[in-house]
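# Understanding the architecture of this molecule
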Amino acid sequence: MTVGDGPQLSIERLMAQLVEQAGQILSAQHRLQRLLDANRTIVSELSLPAVLRQIVESARETAGAQYAALGVIGSDGLLEELIHAGMDDATVAAIGDLPKGRGLLGALIEHPVPIRLPRITDDSRSSGFPAGHPPMTTFLGVPIRNRDRVFGNLYHTNRLDDNDFTAEDEELISALAATASIAIENARLYEESRQRQEWLRASGEISRNLLLSEDTDIDTLRRIAVSVKRLAAADVVSVVLPLLRGESELEVVTAVGIGQEDLTGLRYPPDDSIAW
């Protein structure tokens, strides 16, 4: 080595550092752009199922994860729905029943603060994986807060570059979760408004049918039951009337949906019944 090699090496080292930093800056800009694109896509949806699906897909891409899922928390504090991305249908079928929110997933429900782990199985809160479940190592979980309550959680596993999830990943997903909360609220308000309009329209149709009918015939009552079943997303709707011949009984004069043949014509005493 000559004396002149020292400064040359220092310049090369400096250039290498500058190139590395420039690459990191470009990578950060790219990820921020992906986050902005994801935010725009999420808030453009109005259907709640479409919003939830888009949130999962965007979260998976933003975190650079192999698998992602959005767990919706029910009134019992467990997961009532799990929308996932990254698994094919055969893998999902092999797993069987989806998790309800115990173990590590339950920890995020009980304490809704972000969780980052380099290895899931090393955490004492992990309850393991069922047979047929794909291997999962790294983990990132972030809650989705809707006003004063937690709507659900975003789960990510297996970062694609085989590294651990970083603080930057956590910040990006937390920002995405904030946008997701707004999109979920907007979708719910839109759905409530749409359902209210549908109920008003159906009520107007039912009122017209009743006013135009000389008597409340079975066809009119059946049309009412069909409308209610559709609007309420019910499995079955029945119309119950008191018998007009003096008997102290109620009768299912028409039914629509599951078991409608068995229900129609059924009679029962009114005492302690909800219908009475």
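Predicted, not measured: the structure shown is a model, and the values here were computed from it.

## Notes on the nonpolar core
In this structure, Leu52, Ile55, Leu70, Ile144, Leu154, Ile173 and Ile184 are the most contacted members of the largest nonpolar core, which totals 26 residues. Sorting the residues of this core by element identifies α2 (48-63), β1 (65-73), β2 (79-85), β4 (139-146), β5 (149-159) and α5 (167-212) as the ones contributing at least two each. For this core, the element with the most residues is α5, which contributes 7 residues. Leaving out residues up to four positions away in the same chain, isoleucine 144 has contacts with Leu70, Arg149, Val150, Phe151, Gly152, Asn153, Leu154, Ala177, Ala180, Ser181 and Ile184.

## Topic: the environment of tryptophan 199
Structurally, tryptophan 199 can be placed in helix α5. Taking relative accessible area as the criterion, tryptophan 199 reaches 35% and is therefore assigned partly exposed. Taking the C-alpha atoms as reference, tryptophan 199 lies 6.9 Å from leucine 231; in sequence the two are 32 residues apart. Not counting chain neighbours up to four residues away, the residues in contact with tryptophan 199 comprise Val228, Leu231 and Ala232.

## Here's the deal with the pattern of salt bridges
For the structure on display, the rule yields 8 salt bridges. When the shortest N-O distance is used, the salt bridge between arginine 53 and glutamate 57 registers 3.4 Å. One end of the pair, arginine 53, and the other, glutamate 57, are both in helix α2, 4 residues apart, so they sit about a helical turn from each other. Since its relative accessible area comes to 32%, glutamate 57 is described here as partly exposed. The residue glutamate 198 makes a salt bridge to arginine 201 at a minimum N-O spacing of 3.0 Å.

## Some points on unusual backbone geometry
Phi at asparagine 158 is positive, roughly 60°, even though this residue is not glycine. Its location among the elements puts asparagine 158 in strand β5. Its relative accessible area of 10% is what places asparagine 158 among the buried residues.

## Focus on the side chain of serine 181
Examined against the element boundaries, serine 181 turns out to sit in helix α5. Overall, serine 181 belongs to the buried group, its relative accessible area being 10%. At 2.3 Å, the side chain of serine 181 and the backbone oxygen of arginine 145 are in polar contact. Apart from residues lying up to four places away in sequence, serine 181 is in contact with Ile144, Arg145, Asn146 and Arg147.

## Here we look at the pairing of β2
In terms of strand pairing, β1 meets β2 through 6 bridges, oriented antiparallel. Across the sheet, leucine 70 pairs through a bridge with isoleucine 83, a residue of β2. Linking two consecutive strands that pair antiparallel, namely β1 and β2, is a turn of 5 residues; a positive phi of about 85° is found at glycine 77 within it.

## Observations concerning the confidence of the model for the protein chain
Mean pLDDT over the protein chain: 82, with 84% of residues reaching 70 or higher. Confidence scores differ between elements of the protein chain, with helix α1 (residues 5-43) showing the lowest mean pLDDT of 63 and strand β3 (residues 115-117) the highest of 93.

## Side note on the sheet that holds strand β6 (residues 236-242)
The 3 strands lie next to each other as β6-β7-β8, forming an open sheet whose pairing is antiparallel. The open sheet is flanked by β6 and β8 (267-268), the only strands paired with a single partner. Across 7 bridges, the pairing between β6 and strand β7 (residues 250-257) is antiparallel. Considered in β7, the bridge of leucine 241 is made with glutamate 251. Along the sheet, helix α6 (residues 218-232) makes contact with β6 and β7, crossing β7 at roughly 55°.

## Here's the deal with the packing of α2 against α5
Axes are the key here: two packed helices are described by the angle between their axes and the distance separating the axes. In the contact formed by α2 and α5, the axes pass within 10 Å of each other and the chain directions differ by 170°. Compared by their axis directions, α2 and α5 come out roughly antiparallel. Residues Leu48, Val51, Leu52, Ile55, Ser58, Ala59, Thr62 and Ala63 of α2 lie in contact with α5, whose contacting residues are Asp169, Leu172, Ile173, Leu176, Ala180, Ala183, Ile184, Ala187 and Arg188. In terms of residue class, the contact of α2 with α5 is built from 13 nonpolar, 2 polar and 2 charged.

## Re the sheet that holds β2
The strands that make up a sheet are held in pairs by hydrogen bonds between backbone atoms, and each pair lies either parallel or antiparallel. Reading across the sheet, the 5 strands line up as β2-β1-β5-β4-β3 and stay open at both edges, with antiparallel pairing between neighbours. Of all strands in the sheet, those with a lone pairing partner are β2 and β3, marking the two edges. Within the sheet, the average angular offset between the axes of one strand and its neighbour, ignoring direction, is 15°. In the packing of α5 onto the sheet, contacts are made with β3, β4 and β5, and the angle to β4 comes to roughly 35°.

What counts as what
- Residues numbered from 1 in each chain as written.
- Predicted model: local features only at pLDDT ≥ 70, side-chain atom pairs only at ≥ 80, totals over all residues.
- Heavy atoms only, no water.
- Core = buried A, V, L, I, M, F, W, Y, C linked by side-chain atoms within 4.5 Å.
- Buried < 20%, exposed > 50% of the residue type's maximum accessible area, 1.4 Å probe, protein only.
- Helix = DSSP H or I, 4+ residues; strand = E, 2+ residues; numbered from the N terminus.
- Contact = heavy atoms within 4.5 Å.
- Salt bridge = Lys/Arg side-chain N within 4 Å of Asp/Glu carboxyl O.
- Polar contact = N/O pair within 3.5 Å; in protein donor to acceptor, adjacent residues only side chain to side chain.
- Pairing = 2+ DSSP bridges.
- pLDDT = per-residue confidence, 0-100.
- Axes fitted to C-alpha atoms, helices over the stretch in contact; angles between N-to-C directions.
- Parallel < 35°, antiparallel > 145°, perpendicular 65-115°, else oblique.
- Nonpolar A, V, L, I, M, F, W, Y, C, P; charged D, E, K, R; others polar.

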